[in-house]
Amino acid sequence: MATGRTHRPATRSRGIPEATVARLPLYLRALTGLSERSVPTVSSEELAAAAGVNSAKLRKDFSYLGSYGTRGVGYDVEYLVYQISRELGLTQDWPVVIVGIGNLGAALANYGGFASRGFRVAALIDADPAMAGKPVAGMPVQHTDDLEKIISENGVSIGVIATPAGAAQQVCERLVAAGVTSILNFAPTVLSVPEGVDVRKVDLSIELQILAFHEQRKAGEEAAVAEASAAAAAAVPPVRATGNGRKGPDGDLPAVMPA
């Protein structure tokens, strides 16, 4: 099977926008679910809803792949799975190293979704001598002293950094110097990399802070609505009885009828 060091996806050379590339995994996840349920075809509206985008955007994204659905039939699910997988480079083997085998690194090592999506964890690396040789997810942890050798022997081009923030930049530089050109960074810091190296940052605390912002805003909106409702209720004058005891079809009749 081909390795990641010798084959790279052609998305950039084909001019596919980065925003489209970012949505392709969403489509693939939805399509994989349909494929597992043996659904043969899917409409753009159904697939867009499953992926959380609008159907017009989906059709535009697929036009970059040269894929157009059949009117009245929709898209062939299996073909789209293959087409998107090929575009993302998932029809080949991508060896990955994880550096930093603490709680987060160990959790990533145990994640079963990598292999099914074309990523093979080639090595687990940690700076702690006490971790060397310790099995995690069925693999022995290796020391950072051997990082360059490990990358070379396994043909690694994707590195995952799960170290503390203070060690991340140095690890990043060693990965890049050894030939790694794509980095997934879980460390809570911004990495400086040279031209030609791609970094994707995953900061769980930032995501939680964004959710906290939305929760605060929703709470503020609810409080404002409640305050407005209370003010409106207070502004309504009390209803005074003006009838003379006689009943009409709509209630009391006024004491003096207008001329």
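In this text, all values refer to a predicted model and were calculated from it rather than measured experimentally.

On to the pattern of salt bridges, then. Within the structure shown, the criterion is met by 6 salt bridges. Between Arg174 and Glu148 there is a salt bridge, with the nearest N and O atoms lying 2.8 Å from each other. Residue Arg174 is located in helix α8 (residues 165–177), and its partner Glu148 is located in helix α7 (residues 147–154); the two are separated by 26 residues in the primary sequence. Relative accessible area serves as the criterion here: at 24%, Arg174 is assigned to the partly exposed category.

This paragraph deals with the packing of aromatic side chains. Under the counting rule described, the total for this entry stands at 3 aromatic pairs. With centroids separated by 5.1 Å and ring planes inclined at 75°, the aromatic side chains of Tyr27 and Phe62 adopt a geometry described as edge-to-face. One end of the pair, Tyr27, is in helix α1 (residues 18–36); the other, Phe62, is in helix α3 (residues 55–64), with 35 residues separating them in the sequence. With respect to class, Tyr27 is no different from Phe62; both count as buried. Consider the rings of Phe62 and Tyr75, whose centres lie 5.2 Å apart with planes at 85°: the pair is edge-to-face. In this pair, Phe62 is assigned in helix α3 and Tyr75 in strand β2 (residues 75–76), connecting sequence segments 13 residues apart. Each of the two residues, Phe62 as well as Tyr75, counts as buried.

Reading the values: the criteria
- One numbering rule holds for all chains: residues counted from 1, following each sequence as written.
- Totals for whole chains, interfaces and linings use every residue, but because this is a predicted model, local features are given only for residues with pLDDT of at least 70 and side-chain atom pairs only at 80 or more, for both listing and counting.
- Neither water nor hydrogens contribute to the side-chain values; these are computed over all heavy atoms in the structure.
- Every case where a carboxyl oxygen of Asp or Glu lies within 4 Å of a side-chain nitrogen of Lys or Arg is listed as a salt bridge.
- Helix and strand assignments follow DSSP, with helices taken as H or I runs no shorter than four residues and strands as E runs no shorter than two, numbered in order from the N terminus.
- Only protein chains enter the area calculation, which uses a 1.4 Å probe; residues under 20% of their type maximum are buried, those over 50% are exposed, and those in between are partly exposed.
- Pairs were defined over the aromatic rings of Phe, Tyr and Trp, the Trp ring being its six-membered one, requiring ring centres within 6.5 Å. Orientation was assigned from the angle between planes: stacked under 30 degrees, edge-to-face over 60, tilted for the rest.

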